[in-house]
Amino acid sequence: MAKEVEERGEASNGDLEIAGSETQPSKPSLEGSIRGFESLHHLLRSSLKPDLFKEVSRLLLGLNCGKQLDSIVLPESATALSAKHDFDLQAYCFHADKESLREPRIVRVGLIQNSIAASTIAPVLDQRRALFQKLKPIIDSAGASDVNILCLQEAWTMPFGFCTREKRWCEFAEPADGESTQFLQDFAQKYNMVIISPILERDVVHGETVWNTAVVIGNHGNIIGKHRKNHIPRVGDFNESTYYMEGNTGHPVFETVFGKIAVNICYGRHHPLNWLAFGLNGAEVVFNPSATVGELSEPMWPIEARNAAIANSYFVGSINRVGTETFPKAFTSGDGKPAHNDFGHFYGSSHFSAPDASCTPSLSRYKDGLLVADLDLNLCRQLKDKWGFRMTARYELYAEMLANYLKPDFQPQIVSDPLLHKKLA
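Residues numbered from 1 in each chain as written. Predicted model: local features only at pLDDT ≥ 70, side-chain atom pairs only at ≥ 80, totals over all residues. Heavy atoms only, no water.

Chemist: When you look at the packing of aromatic side chains in this model, what are you seeing that I'm missing?
Modeler: Counted under the stated rule, the structure contains 21 aromatic pairs. Between phenylalanine 343 and phenylalanine 346, the ring centres sit 5.5 Å apart and the planes meet at 70°, which makes this aromatic pair edge-to-face. Summarising the burial analysis for this pair, phenylalanine 343 and phenylalanine 346 share the class buried. Ring plane angle 90° and centroid distance 6.0 Å describe the contact between tyrosine 395 and tyrosine 398, whose orientation is recorded as edge-to-face. On the criterion of helical spacing, the pair formed by tyrosine 395 and tyrosine 398 is a turn pair, its members being 3 residues apart in helix H11 (residues 395-405). Clustering of aromatic rings is evident, with ring pairs tying together Phe160, Phe162, Phe238, Tyr243, Tyr244, Phe343 and Phe346. Cation over ring: arginine 321 sits above phenylalanine 346, and NZ or CZ is 5.8 Å from the ring centre. (Phe/Tyr/Trp six-rings, centres within 6.5 Å; stacked < 30°, edge-to-face > 60°. Buried < 20%, exposed > 50% of the residue type's maximum accessible area, 1.4 Å probe, protein only. Helix = DSSP H or I, 4+ residues; strand = E, 2+ residues; numbered from the N terminus. Lys NZ or Arg CZ within 6 Å of the ring centre and 35° of its normal.)

And the structure:
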């Protein structure tokens, strides 16, 4: 794996460099931009004086081992693909402290965000294969960058049509070893890369049931296993229980040659115990492939995964699709507002969070993108030692509370002020 890292040394303006990205504002007409800027980081960098921007970045992004993140110099073959196919490409490095008994455990990880590639009224195979062609150069760029583990966005093979409640979107469902898996297996073998492929799965053995599933493909092209989405939203336009229900695979952690990884699919990020369970099972990196829109969730987006990384002493890779997907038939949200033909804007902003509370700048809010990061997995244990969250947790108390909560005769533990309901003399 390429190890070349651009040392941070203070730039003339003290800024955190955004590797592979321009700092000039984008065209204001671009949907999803922030007043013409690709991301909040770009906006702040352009708007603030250098010393103030540096301090704001420290507060927003944290420090890794006491310093801002290093940016990684990627090979020209990777950056050329970014330029040719116009996708955002950024790369950073998370360090850990040097240890006496363990060598650094550095794994290079990648996240891909993208918009759909064909009209939502095009035939199913045309839409899927258009996405194959769109992602090919981005995956090739990840391979040229020596990425070890690559994660795609939730339901990457299709538009996120679950807002419509139309059953036609079930046609995109495929077996775990179906066409999209076969497409990615070739890349996994070619680049010695583990690939996480979140798809709409059809379980042909169990009544052709549909699931929201992440297939984990090994670096030899083999299928290591799969995980089905644990928590299904019923909020706003997210009518996903029309298509699939809560998963039945628990909280699996997949042991790969590059480390122990898990997948917390989309809505599961709102559930702290879901994050906890992956940590208790030994995850070192948890991926959160998602599809979420700005009006609903953007204020939560930079908080939840970062908090999970801190609380559970692992790395988190957060992925969100980009663009506005328009559907032929209008649908409602059950909120009394007029029917509409789109979800709203999927705001991208994919990023990495570390157990020491540091995180990368986000990818673009409107462009396809590849985010690469070197993670020193030694940082996970180092933060467990520092904060002692595992040692100080009271799992026996939580277990007792949850067991009682599940009982039909559960009574909350409330201690009332004895004067609260007493009549005044």
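Chemist: Hey, could you run me through the pairing of strand S13 (residues 285-290) in this one?
Modeler: The side chains of a regular strand alternate between the sheet's two faces. Of all 6 residues that make up S13, 6 are buried, and the element is covered over most of its length. Burial along S13 is two-sided: Val285, Phe287 and Pro289 facing one way and Val286, Asn288 and Ser290 facing the other are all buried. In terms of strand pairing, strand S12 (residues 259-263) meets S13 through 3 bridges, oriented parallel. Residue valine 263 lies in a different strand from S13, and its bridge partner there is phenylalanine 287. Handedness of the S12-helix H6 (residues 272-280)-S13 crossover: right-handed. Here 6 bridges tie S13 to strand S14 (residues 315-320), and the two strands are oriented parallel to one another. Note that in S14 the partner of asparagine 288 across the bridge is serine 318. (Pairing = 2+ DSSP bridges. Right-handed = clockwise from strand over helix to strand, strands pointing away.)

Chemist: Explain the packing of helix H4 (residues 124-144) against helix H5 (residues 179-191) here, please?
Modeler: Any two packed helices are characterised by how steeply their axes cross, that is the angle between the axes, and by the distance between the axes. At a minimum axis separation of 11 Å, H4 and H5 run at an interaxial angle of 15°. It follows from the interaxial angle that H4 and H5 lie roughly parallel. For the pair H4 and H5, the sense of crossing is right-handed. In this structure, H4 contributes Leu125, Arg128, Arg129, Phe132, Lys136, Ile139, Asp140, Gly143 and Ala144 to the contact, and H5 contributes Glu179, Ser180, Phe183, Leu184, Phe187, Lys190 and Tyr191. Looking at the contact of H4 with H5, its residues break down into 8 nonpolar, 2 polar and 6 charged. (Axes fitted to C-alpha atoms, helices over the stretch in contact; angles between N-to-C directions. Parallel < 35°, antiparallel > 145°, perpendicular 65-115°, else oblique. Left-handed = near helix turned anticlockwise from the far one by under 90°. Contact = heavy atoms within 4.5 Å. Nonpolar A, V, L, I, M, F, W, Y, C, P; charged D, E, K, R; others polar.)

Chemist: What is the right way to look at unusual backbone geometry in this model?
Modeler: For residues that are not glycine, phi is negative in most cases, and the peptide bond is trans in most cases. Backbone geometry places cysteine 65, a non-glycine residue, at a positive phi of 55°. Looking at the element boundaries, cysteine 65 is found in the loop between helix H2 (50-61) and strand S2 (70-72). With relative accessibility at 32%, the residue cysteine 65 sits in the partly exposed group. The phi angle at serine 349 is positive, at roughly 65°, despite the residue not being glycine.

Chemist: Help me out: how do you make sense of H2 in this one?
Modeler: Every α-helix carries 3.6 residues per turn, so stepping three or four residues along brings you back to the same face. Under the 1.5 Å per step criterion, the end-to-end length of H2 is 16 Å for 12 residues, consistent within 8% with the ideal 16 Å. Among the structural elements, helix H1 (40-47) and helix H8 (301-312) are those in contact with the buried residues of H2. The positive-phi residue at the C-terminal boundary of H2 is glycine 62, with phi of around 75°. (Expected span 1.5 Å × (residues − 1).)

Chemist: Would you explain the environment of serine 71 in this entry?
Modeler: Inspection of the secondary structure assignment puts serine 71 in strand S2. Counting along the chain gives 23 residues from serine 71 to phenylalanine 94, while the straight-line C-alpha distance between them is 9.4 Å.

Chemist: Could you clarify how one ought to interpret a nonpolar patch on the surface in this entry?
Modeler: Side chains of Leu273, Leu397, Tyr398 and Leu402 sit close together on the surface and give an oily, nonpolar patch of about 370 Å² of accessible area. Mapping leucine 402 onto the fold places it in helix H11. (Patch = residues over 30% accessible without salt bridge, like charges linked within 9 Å, V, L, I, M, F, W, Y side chains within 5 Å. Areas by Shrake-Rupley, 256 points an atom, 1.4 Å probe, with all protein chains shown as cover. Salt bridge = Lys/Arg side-chain N within 4 Å of Asp/Glu carboxyl O.)

Chemist: Sorry if this is basic, but what is going on with the side chain of serine 364 here?
Modeler: Within the element layout of this structure, serine 364 appears in the loop between strand S17 (351-353) and strand S18 (369-376). Judged by relative accessible area, serine 364 falls into the buried class, the value being 1%. Separated by 3.0 Å, the side chain of serine 364 and the backbone nitrogen of lysine 367 make a polar contact. When sequence neighbours within four positions are dropped, the list of residues in contact with serine 364 reads Glu38, Asp88, Gln113, Val322, Tyr347, Gly348 and Ser349. (Polar contact = N/O pair within 3.5 Å; in protein donor to acceptor, adjacent residues only side chain to side chain.)

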